[in-house]
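The residues making up each chain are set out below.
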Amino acid sequence: MALDKWKKGAPYKKGISLRKKFIGDKAFYRLVLLVAVPIMIQNGITNFVGMLDNIMVGQIGTEQMSGVAIVNQLLMVYYLCVFGGLAGAGIFTAQYFGQKDNEGIRHTFRYKFWMALFLTAGAGVLLLTAGDGLIRMYLNGSSDGGDLEAAFRYGQDYLKVMLLGLPAFMMVQIYVSTLRECGETWVPMKAGIEAVLVNLCLNYLLIYGKFGLPALGVMGAAIATVVSRYVEAAIVIVWTHRNKNRNRYIEGAYETLRVPVRLAGKYFVKGAPLLINETLWSAGMAVLIQCYSVRGLSVIAGLNIANTINNVFNVVFIAMGDAVAIMIGQLLGAGRLEEARDTDNKIIAFSVFSCICVALLMVVIAPLFPEIYDTTDEVKTVARQFILAQAVFMPQAAFMHAAYFTLRSGGKTIVTFLFDSVFVWCVSVPVAFCLSRYTDMSVIAIFAMVQIADWIKCAIGFVLVKKGVWLQNIVTE
């Protein structure tokens, strides 16, 4: 990545003005956007097509939409487990790249392969054997005029097909995470765009049965997603191996899959807290939604609609988090610690400001977006309320996300574990559980109280980032 093309900022000083501390020059923002924009575009298009996919499924019924939403929430636990499992090695990859150590990157690449394979096999077995019970957990509230049993059957059908796409997802994450950590963000973006276009076309053909094809409904949506994942995997794998001059680490990467025990232990020690964190955090999110679902099927459908548009706008702070991981990781690996501190301050400020603007746009869209769906007025009302609530708390989410990746970039994985998943299970989940079971509060009020509880996390993140506990090089022996 072109970190060296951006002139080093002035040394960090306690007396520096707020403007110089949090606002960079044009060259700085060009570099940040060079890293973040491809990720925003890729994630944005992926989420936009996911939104269209969701709308298409929503056009055939509330039960279909709810069944698909439940399964996607369960699969999200697996996706985040893979992200967490690879993230520990990814911290080293970014710092190895900063040191131009290709052999070190090969070791992290092989470690990622074994970790992703283990997690994928485990998820496949769990969902095959316990998938039905997990789906039913979300269907124990009131029906609100919907058919709970029909939603369950649609969820079953969708899950069976989606399981076939897990191997492709695994390989995409191994390659794309490594490419990004080494500063290559455009190729994953292009692969993502081509994959989502395939997904969109197949959605139209298979959900509704166009051009003589059968109308498969939710199964058609699942088939389209699975095929698109294999397309994306093929693109990134072929490009990486055809461009060995740009990806030196891939030469000999498969000559052996052995990872030196000393290094594997080192990656695991740093990565295990991230894996556990992502597992517990995603499980915590699933439990939160299950708490909200106690208020009825309309809540599941309404929250699904709100999350669909929220995911499109979330790409801004998610990409900024990736920019923190990539840029700060490389600066730390190169030993430029004070420059890393200065860069981090500016990226966090930029992320929060950007999300204030995005939140205002969400407020405008909130009354309009649910009208696209062919569902009940009650579901649309719930969706509008959720979108407005998510917009209000988006700048807060941007700060927490950037703080998390700041701590992670310096290898503070135990701290991020406490900061993230432990907080969810010790604060967020108990708040949602108690308010949903023992009060008559509306689901929107419960959601807001959970977000307000995150103010504690914001304060902790601010203190940890300001103290600079993350300023360390972890790859230098």
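The numbers attached to residues start from 1 for each chain and follow its sequence in the written order. Reporting of local features is limited, given that this is a predicted model, to residues whose pLDDT is at least 70; pairs of side-chain atoms are given and counted only at 80 or more, and all residues count toward the totals for whole chains, interfaces and linings. With hydrogens and water excluded, all non-hydrogen atoms of the structure serve as input to the side-chain values.

> Help me get a handle on the pattern of salt bridges, residues and values and all.
Each salt bridge in this description consists of a side-chain nitrogen of Lys or Arg and a carboxyl oxygen of Asp or Glu lying within 4 Å of one another. In the structure shown here, the tally under the stated rule is 10 salt bridges. Between R136 and E149 there is a salt bridge; the shortest N-O distance is 3.0 Å. Remark: E149 occurs in helix α5 (residues 148-162) and R136 occurs in helix α4 (residues 102-136); sequence separation between them is 13 residues. Each residue is placed in one exposure class: buried if its accessible area under a 1.4 Å probe, protein chains only, is under 20% of its type's maximum, exposed if it is over 50%, and partly exposed if it falls in between. Given the relative accessible area of 41%, R136 is considered partly exposed. According to the relative accessible area criterion, E149 is partly exposed, its value standing at 36%. Salt bridges sharing common partners tie together E371, K380 and R384. A run of H or I in DSSP counts as a helix once it spans at least four residues, and a run of E counts as a strand once it spans at least two, with each numbered from the N terminus.

> Can you tell me about helix α3 (residues 62-98), naming the residues and giving the values?
Spanning 37 residues, α3 covers 50 Å between terminal C-alpha atoms, matching the ideal 54 Å at 1.5 Å per step. Throughout, bend refers to the angle between the axes fitted to the seven residues that end at a position and the seven residues that start at it. Residue G88 marks the point of greatest curvature in α3, where the axis turns by about 40°. Counting buried positions along α3 gives 32 out of 37 residues, so the element sits mostly inside the fold. Immediately downstream of α3, the backbone of K100 shows phi near 60°, a positive value. Between the first and last residue of a helix there are one fewer steps than residues, each counted as 1.5 Å, and that sum is the expected span.

> Requested: an account of the packing of α4 against α5, with residues and values cited.
Taken N-terminus to C-terminus, the directions of α4 and α5 make an angle of 155°; their axes are 10 Å apart at the nearest point. One way to sum up the angle between α4 and α5 is to call them roughly antiparallel. Between α4 and α5 the crossing geometry is right-handed. Within the contact between the two elements, α4 uses L127, G131, D132, I135 and R136 and α5 uses E149, F152, G155, Q156 and L159. Lines fitted to the C-alpha atoms define the axes, with helices restricted to the stretch that makes contact. Angles between their N-to-C directions range from 0 to 180 degrees. Oblique is the label for every angle not falling under 35 degrees (roughly parallel), over 145 degrees (roughly antiparallel), or within 65 to 115 degrees (roughly perpendicular). What makes a crossing left-handed is the near helix being turned counterclockwise from the far one by less than a right angle; a clockwise turn instead makes it right-handed. Note on definitions: a residue-residue contact is assigned when non-hydrogen atoms from the two residues lie within 4.5 Å.

> So, the side chain of D322: which residues are in play, and what are the values?
Here D322 is to be found in helix α10 (residues 297-333). Here Asp and Glu are counted as negative and Lys and Arg as positive; His is not counted, and neither are the chain ends. We note that D322 is buried and unpaired, the nearest opposite charge coming from R180 at a distance of 4.1 Å. Beyond its immediate stretch of four places on either side in the chain, D322 contacts I39, R180 and F405.

> Account for unusual backbone geometry, naming residues and giving values.
Peptide bonds are mostly trans, and most non-glycine residues show a negative phi. Phi angles above zero are rare outside glycine, and F211 is one such case at about 55°. With respect to the secondary-structure elements, F211 resides in the loop between α7 (186-208) and α8 (218-242).

> Describe in detail the nonpolar core, supporting the description with residues and values.
In plain words, nonpolar cores are sets of buried Ala, Val, Leu, Ile, Met, Phe, Trp, Tyr and Cys residues tied together by side-chain atoms within 4.5 Å. Judged by nonpolar contacts, the single largest core of 147 residues is most densely connected at I174, Y292 and F386. If one sorts the elements of this core by residue count, α10 sits on top with 23 residues. Among all residues touching Y292, those that are not within four sequence positions of it are V299, L303, V443, I446, F447 and V450.

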